[in-house]
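# Notes for the structure review
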Amino acid sequence: MTICFAADPDISGTGVRIAIYAQNLLSFVPALLALRDGKITRTELESLQTQSRTILITAFAILVSTIIKALQNDITNFDGTIILNLSWMNNTNLFIYLLLYVQHRVNLSTEELREEVEEMVGVKIEKVGPIIRHRWKYEVRKICSNLVVIVGSVHLSLMSAVGLWLWCNPVGFGTSKSCSLEAPIFVFGLQVPLGSVGLKVWYIMLYGILLIPVLNLIIPAIFFEVILLFFHKFGRKDHLVNMTSALGILAIINIVLLVDSEVTLRVNTKQGELGQGGNIWTFGQILALLLLLVPLCDLGESLLERRAGILGKKLYNASRQGKIDIVQYVLDLGAKTDALGKYI
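Residues numbered from 1 in each chain as written. Predicted model: local features only at pLDDT ≥ 70, side-chain atom pairs only at ≥ 80, totals over all residues. Heavy atoms only, no water.

## Focus on the pattern of salt bridges
Taken as a whole, this structure holds two salt bridges when the rule is applied. Among the salt bridges present, the one from Arg17 reaches Glu262, with a minimum N-O distance of 2.6 Å. Highlighted residues: Arg17 in helix H2 (residues 14-26) and Glu262 in helix H12 (residues 239-271), separated in sequence by 245 residues. For Arg17, a relative accessible area of 9% gives the class buried. Residues Lys69 and Asp74 are paired through a salt bridge, measuring 3.3 Å at the closest nitrogen-oxygen approach. Taking the relative accessible area as the measure of exposure, Asp74 reaches 41% and is therefore partly exposed. (Salt bridge = Lys/Arg side-chain N within 4 Å of Asp/Glu carboxyl O. Helix = DSSP H or I, 4+ residues; strand = E, 2+ residues; numbered from the N terminus. Buried < 20%, exposed > 50% of the residue type's maximum accessible area, 1.4 Å probe, protein only.)

Right, dumping it as structure tokens:
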């Protein structure tokens, strides 16, 4: 069989895919650890914010490279579908951050909220009544000024623009051939031809809605709110368990996208439609794997901060209760005395 298209190793090659799969699946580790005690501290949230920024930078790089190559007629629609799958995986990290951000804000005490508002306006506030009554306005202002939320919304818009470009005219995307429309792709486990009219209409509608900034965050927020309400009504009433279940759904979506991408590549390679370009190890693939060190370092840092926080809390409790032997034991484990002020 004549090869219809060859995968671009610098866009959807093995190294690039492994790097994206790894950094997105690893992002669930600090999130689950942060939820264990039911309280998302500011330190944990800042760590997750750094992690999300790192992944979104990589996500932007892939989309910008895709746009440049499509303009130069140096990429196919098949590569485009794989890239969009990888972009959806990158977006799930934003939703992880949003879920934990909501958990953090829900558990915020009135006193902590007052301190935040005082820091923002620079004025001492005596009465907390007005703050509580108008809290929703403050929360909207705060989340709209959040850098991760802004960048995440822009990334969704850019991804949707690429999606519309591809699905409005699949053959006209890059250097695609008409034979590519017969290539099988997998969507949530279902095999459909790339040229499927139904699939084309669905993706045009989906990406058309998500193209609009801010709106592309409201729709996923409603989706997860419905899920949380469902769990609350028909499952356990524990909000923490429901949040963990929502993270589980995001993890399942990630795994499904991963499997869809890999099965699509394998089936097309086996049928002879796809060349071996994606298996050629280039500088771009090696660089992608090296950049994986950044989220790994972020993960290691968050784990160390969490351990320091746990030891700091034990040290604080033991010192208050006057248990010298426990204080010495915790110090021997590596607890720092400055953890008292930093983590408690």
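## Some points on helix H10 (residues 197-210)
With 14 residues, H10 should cover 20 Å at 1.5 Å per step; its first-to-last C-alpha distance of 20 Å lies within 8% of that length. Looking at H10, one finds that the buried residues are Leu199, Tyr203, Tyr207 and Leu210. An end-on view of H10 places all buried positions within 60° of arc, on one side of the element. Of the exposed residues in H10, those oriented more than 90 degrees away from the buried face are Val197 and Met205. (Expected span 1.5 Å × (residues − 1). Arc of directions from axis to C-beta.)

## Brief notes about the side chain of Asn24
Here Asn24 shows up in helix H2. Classification of Asn24 as buried rests on a relative accessible area of 1%. In this structure Asn24 touches Ile55, Met89, Asn90, Thr92, Asn93 and Asn254, once residues within four positions along its chain are discounted. (Contact = heavy atoms within 4.5 Å.)

Functional significance is not addressed by these values, which are geometric in nature.
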